[in-house]
Amino acid sequence: MGGSTYGMGWSAERTAGGAPMLRHTGWLLTHNSAQTLLPGGEWGIAVVTDTGMISGDDALIISDGLVDLIEGRPDAGAVPFTTKADPWLGGLSLLNLALGVTGVLRSRRWAGRRAHRRAWRVIARLVPYALPVAFYLGLAELAGVLLNRVGTLDQLTYVWLALYVWAATGALAAVAVVAARLVHAVRLRRRAVGNVHA
C-alpha cells in the first residue's frame, strides 16, 4: 500500500547480507517472539523466549543469529546488552548490601551524635532513604511507562532480574539502616529522659 514496508504486523526488511526478509515480532514484559521468513531461500524461523523486552529482545537476537548462520556468517551475532550490564548491577547490588550492613553497624554512633537534636531534624535526615524504597516499589510502573506495557513487580524478574535485585537490595539496605537508626535514637532518648527523672 503506497510503498509501505509494513502491513498486518509484518515488515519487509533486508538481512545483513542484503536478502529480502519478512518479519513479525511480539513483545511483552515476560516474553517475546520473532517470526522471520526468507522468501529467497525458503526458510522460516520462529523463536519464542521467556525473557522480556529490556533484556535485549533475545528472540530477535536469536533469530538474527540464525539468519547469519543461514547466510554463512557464524560469528556475526549480537548479544543482549544485559550481558555487559548485569555484572555492573551485580556489583552495585553487593555494594548496596555492604553499605546497608555498614549503616546498621554504625547506627548506634549515628544516633548518639544526634541524641540532643530535635526529633524532626533526626527524621529529616532519614527522609532520603525513602528514595530507594520508592524506586523499588515504583519499578513496575516505571517499566510500564517506558515500555507501554502493564506488569507487576514480580514480572520484572522475567524482564531483567539483575535490575530487580539491584533495586530490591537498595530498598532492603535503606529500610534496615533507617530501622536501626530509629531504634537506637529512641533508646537513647528514653535513657536520657530516665536520667533526668532520676
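Computed from a predicted model, the values in this text were never measured in an experiment.

> Sorry, what's going on with the nonpolar core here?
The tendency in soluble globular proteins is for nonpolar side chains to be buried side by side. In terms of nonpolar packing, the biggest core is built from 15 residues, with Tyr136, Leu139, Leu153, Leu156 and Trp160 touching the most fellow members. Of all the secondary structure elements, the ones that give two or more residues to this core are helix 2 (82-105), helix 6 (139-147), helix 7 (156-159) and helix 8 (161-197). Here this core gets 5 residues from one element, more than from any other, and that element is helix 8.

> Looking at this structure, I do not really get the sheet that holds strand 3 (residues 20-27). What am I missing?
Adjacent strands of a sheet pair through backbone hydrogen bonds, lying either parallel or antiparallel. Across the sheet, which stays open at both edges, the 5 strands sit in the order 1-2-3-4-5 with antiparallel pairing between neighbours. The open sheet has two free edges, formed respectively by strand 1 (6-7) and strand 5 (43-49), since each of these has just one partner strand. Sheet analysis places strand 4 (residues 32-38) next to strand 5, joined by 7 bridges and oriented antiparallel. Its bridge partner being in strand 5, Leu38 is matched across the sheet by Trp43.

> Help me out: how do you make sense of a nonpolar patch on the surface in this one?
A surface patch of nonpolar side chains, about 220 Å² in accessible area, is lined by Trp10, Leu22 and Leu37. Residue placement: Leu37 occurs in strand 4. For Leu37, a relative accessible area of 35% corresponds to the partly exposed category.

Parameters at a glance
Residues numbered from 1 in each chain as written. Predicted model: local features only at pLDDT ≥ 70, side-chain atom pairs only at ≥ 80, totals over all residues. Heavy atoms only, no water. Core = buried A, V, L, I, M, F, W, Y, C linked by side-chain atoms within 4.5 Å. Buried < 20%, exposed > 50% of the residue type's maximum accessible area, 1.4 Å probe, protein only. Helix = DSSP H or I, 4+ residues; strand = E, 2+ residues; numbered from the N terminus. Pairing = 2+ DSSP bridges. Patch = residues over 30% accessible without salt bridge, like charges linked within 9 Å, V, L, I, M, F, W, Y side chains within 5 Å. Areas by Shrake-Rupley, 256 points an atom, 1.4 Å probe, with all protein chains shown as cover. Salt bridge = Lys/Arg side-chain N within 4 Å of Asp/Glu carboxyl O.

Nothing here speaks to function; it is all geometry.
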